[in-house]
Amino acid sequence: MKLGILGLSPGNGHPYSWSAIFNGFDATEMSKCPFPVIPDYLSKQRYPDDFLTGHQVTHVWTQDPEVSAHVAAAARIATVVSAPQDMIGHVDAVLLARDDARSHFSLAAPFLAAGLPIYIDKPLAVSTADAQRLLDEQRYDWQIFSCSALRYAPELVPSEVELSALGELRFIDATTPKYWDTYAVHIVEPVVANIGVLQPNGIHTQTTSTLQALSFRDQRGIDYRFTALPAAAAPLQFRWIGSQGSWQSGPFSSFACFRTALQEFIRGVETQTQIIPRAETLNVVSLLELGR
């Protein structure tokens, strides 16, 4: 499968990392990546065993031609295009690697109209109206794939044995660094993926100079608090608290999460299947909207 990758938003190096997961990378050029964590975790993987080498990112576009050229050199991408639509007719699927939701419709629309499957970076949208606008452009119900790759991080949720040891689940408290609009999805989606669709009651929001938070109780009687901390140094972390104990998440592998998410996108294209239930995706978006 030939893939095109497009977009680059501030603080987000996915065009480098996602492309390298398929193509491998040039160590010298990747060392110049402006996101040092990416060459660091890529260098710890074995090529080709740990990579998705059965498919190839063949085309790249970003807003800056110099950046596009460097992504291409670092991640071994053959073709730099001057406009996103120039990929149409040359690729089988598209990776939209911008995490600023406001850009998603304008960038995705031409590819949706052309019938190409597209992976849209998290969050799909920060309002249900914008999410539905994108979904309404689909030519088939599995055309759009979108998620936080952290839904595939087993380190962020207790195992069945660990969950059983908690007794009756009472409270999930999750925090993330950085901004609500771009990072809260990383703590909301793993919960929805593992608990199921959440129907919030007793909604409370809090916004200060340090944090933005959403708290509520769901239809099962479980309480939740999701907090983004743009002005504080805090790890991405989950606490699951029950009637008999508590559990706290540990470190997770960004590479493994990205690899699994990209692999699931490819699986959806190959099997023509909607991999993530649409109800979950829309539930995540609705919770992000409540938190705003």
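Every value quoted in this text rests on a predicted model; they were computed, and no experiment measured them.

Draft legend 1. Molecular detail of the side chain of arginine 278. Checked against the element boundaries, arginine 278 lands in helix H11 (residues 278–291). For arginine 278, the side chain forms a polar contact with the main-chain oxygen of isoleucine 144, separated by 2.9 Å. Leaving out residues up to four positions away in the same chain, arginine 278 has contacts with Leu135, Gln138, Asp141 and Ile144.

Draft legend 2. View of the packing of helix H6 (residues 128–135) against H11. Their axes nearest at 9 Å, the elements H6 and H11 cross at an angle of 145°. Two secondary-structure elements touch here, H6 through Thr128, Ala131, Gln132 and Leu135 and H11 through Arg278, Leu282, Val285, Ser286 and Glu289.

Draft legend 3. Summary view of unusual backbone geometry. Proline 48 follows tyrosine 47 through a cis peptide bond whose omega is 5°. Tracing the backbone shows proline 48 in the loop between helix H3 (37–43) and strand S2 (56–61). Between lysine 122 and proline 123 the backbone carries a cis peptide bond, its omega angle lying at -20°. Relative to the helices and strands, proline 123 is located in the loop between strand S5 (118–121) and H6. For lysine 178, which is not glycine, the phi torsion reads 75° and is therefore positive. Relative to the helices and strands, lysine 178 resides in the loop between strand S7 (169–177) and helix H8 (180–183). The phi dihedral of glutamine 272 falls on the positive side, at around 55°, and the residue is not glycine.

Procedures and definitions
Residues numbered from 1 in each chain as written. Predicted model: local features only at pLDDT ≥ 70, side-chain atom pairs only at ≥ 80, totals over all residues. Heavy atoms only, no water. Helix = DSSP H or I, 4+ residues; strand = E, 2+ residues; numbered from the N terminus. Polar contact = N/O pair within 3.5 Å; in protein donor to acceptor, adjacent residues only side chain to side chain. Contact = heavy atoms within 4.5 Å. Axes fitted to C-alpha atoms, helices over the stretch in contact; angles between N-to-C directions.

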